[in-house]
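The lines below spell out each chain.
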Amino acid sequence: MKVVVLAGGVGGAKLADGIARTLPSEDVTIIVNTGDDFEHLGLTICPDLDTVMYRLAGVANDETGWGRAGESWRTIGEVAALGGPDWFKLGDLDLATHLTRTHLLGEGESLTAVTHHLCQKLGIQVSVLPMSNQPAPTKIQSGETLYDFQTWFVQEKWQPPVTQVVLPEDVRATRSVIRAFETADLVLIAPSNPFVSIDPILNVYPITALLEDLPKAVIAVSPIVGGQAVKGPAAKMMQELGLPHTSRTVAEYYGERIDGFVYDVQDAGSCDDLGVETCCLNTMMHNQADRLRLAQEILAFARDMLEH
């Protein structure tokens, strides 16, 4: 079974890791949100790509879910001492990724090629693809103010209320991304924020059309558990956008784009009459054993759907 995982953020990286450890590497492609990429201190920073890569490579910081384990902060501390911007914390090990990426992009390599290079050096066997080689910056409208995503998310600590998520036009998928959808038996939408992690991917042409036409099954996993986001601003955003912050809302938001929906046991019974196949599981991923268990249970649900 060839599986494509659409991922962004910590929850997406965790499920991607579980899938990568469960299936043969040649059967797994992880397509990652790049809507929160930005230029900072002269470097190209790709937070979601890095979170996914570090988790797959086994070097992620388990306490935060992002960044590197065993990180130090001497460089960014010195940046602050010299009067430079230190609101976006770049660790010393993490900086090596950004320096290498920026150098290779400057040499004319595509983001897809650079990501492949970094994955090879990190010992990652599965295919990790940016959603596009084009810059595709997500912006956040809050009343009269239009924020760059990282300004809103990190500098403002995602506190300004969200009026609208603004996605760019005319962003195109790479041939590698299109080929992954064309050969997929299953697409998993990871438990990532639907508005700022998954929508930017679905906004890339022609991904939504491919999602509707090609895979035999599309299954989404809810990032909302017991009315709260496991991590990040999803529940807060739902409330500000006038939506109930429930798993059911996530399923209804994806609508006809999905064939199956996985949600947490804390919300048991709340999604039984959605009109798509549902599976109620313990979706919390505290450690590698949890990630493996959940991946195996979701794949069992998917196989049952595909057989019927």
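Residues numbered from 1 in each chain as written. Predicted model: local features only at pLDDT ≥ 70, side-chain atom pairs only at ≥ 80, totals over all residues. Heavy atoms only, no water.

S.K.: What should I look at first to understand the pattern of salt bridges in this one?
M.R.: Oppositely charged side chains can pair when the atoms bearing their charge come close. For the coordinates displayed, the defined rule picks out 13 salt bridges. The closest approach of N and O atoms between Asp148 and Lys139, which form a salt bridge, is 2.5 Å. One salt bridge connects Asp273 with Arg248, and the closest N-O pair in it is separated by 2.8 Å. With Asp273 in the loop between strand E13 (260–264) and strand E14 (277–281) and Arg248 in helix H11 (residues 247–254), this residue pair connects regions lying 25 residues apart in the sequence. Judged by its relative accessible area of 58%, Asp273 is exposed. (Salt bridge = Lys/Arg side-chain N within 4 Å of Asp/Glu carboxyl O. Helix = DSSP H or I, 4+ residues; strand = E, 2+ residues; numbered from the N terminus. Buried < 20%, exposed > 50% of the residue type's maximum accessible area, 1.4 Å probe, protein only.)

S.K.: How should I be thinking about the sheet that holds E13 in this particular structure?
M.R.: Across a sheet, paired strands are connected by hydrogen bonds in the backbone, their directions being either parallel or antiparallel. Taking strand neighbours across the sheet as the criterion, the seven strands line up as E5-E2-E1-E9-E10-E13-E14 in an open arrangement whose pairing is parallel. The open sheet is flanked by strand E5 (127–130) and E14, the only strands paired with a single partner. Adjacent strand axes in the sheet meet at a mean angle of 20 degrees when their direction is disregarded. Here helix H2 (residues 47–57) sits on the sheet and contacts strand E2 (28–32) and E5; the angle it forms with E2, its principal contact strand, is near 150 degrees. (Pairing = 2+ DSSP bridges. Axes fitted to C-alpha atoms, helices over the stretch in contact; angles between N-to-C directions. Contact = heavy atoms within 4.5 Å.)

S.K.: Mind showing me how you'd approach the packing of aromatic side chains here?
M.R.: Counted according to the given criterion, the structure contains nine aromatic pairs. Ring geometry for Phe149 against Phe153: centres 5.3 Å apart, planes inclined by 15 degrees, an arrangement best described as stacked. Here Phe149 pairs with Phe153, and both are found in helix H6 (residues 149–155), just four residues apart, close to one helical turn. We classify Phe153 as partly exposed; its relative accessible area is 31%. Where Trp152 meets Phe153, the ring centres are 6.3 Å apart and the plane angle is 40 degrees; that geometry is what we call tilted. On the accessibility criterion, Trp152 (0% relative accessible area) is buried. The structure contains a cluster of three or more aromatic residues connected by ring pairs, namely Phe38, Trp87 and Phe88. Lying across the ring of Tyr54, Arg68 places its NZ or CZ 5.4 Å from the centre. The side chain of Arg257 reaches across the aromatic face of Tyr253, ending 6.0 Å from its centre. (Phe/Tyr/Trp six-rings, centres within 6.5 Å; stacked < 30°, edge-to-face > 60°. Lys NZ or Arg CZ within 6 Å of the ring centre and 35° of its normal.)

S.K.: I tried to follow the sheet that holds strand E7 (residues 145–148) on my own but got confused; where do I start?
M.R.: Read from one edge to the other, the open sheet built from three strands follows the order E7-E6-E8, with strand pairing classed as antiparallel. Edge positions in the sheet fall to E7 and strand E8 (164–166), since each has one partner strand and no second. Here the strands of the sheet are splayed against their neighbours by 30 degrees on average, with no regard to which way each runs. Two strands pair when backbone bridges link them, and strand E6 (residues 139–142) and E8 are joined in this way by three bridges, in the antiparallel orientation. Its bridge partner being in E8, Ile140 is matched across the sheet by Val165.

S.K.: Even after reading the chapter, I still don't get the pairing of E7, so can you show me in this structure?
M.R.: Pairing analysis gives four bridges linking E6 to E7, with the strands arranged antiparallel. The residue of E7 that forms the bridge with Ser142 is Thr145. Hairpin connection from E6 to E7: two residues lie between these consecutive antiparallel strands, with Gly143 at a positive phi of about 60 degrees.

S.K.: Looking at this model, I keep getting lost on the state of the cysteines. Mind explaining?
M.R.: Enumeration over the complete set of coordinates arrives at zero disulfides. Free of any disulfide, Cys271 has its nearest neighbouring cysteine sulfur in Cys280, separated by 8.0 Å. Looking at Cys280, it has no disulfide partner, and the nearest cysteine sulfur is the one in Cys279, 7.6 Å off. (Disulfide = S-S within 2.5 Å.)

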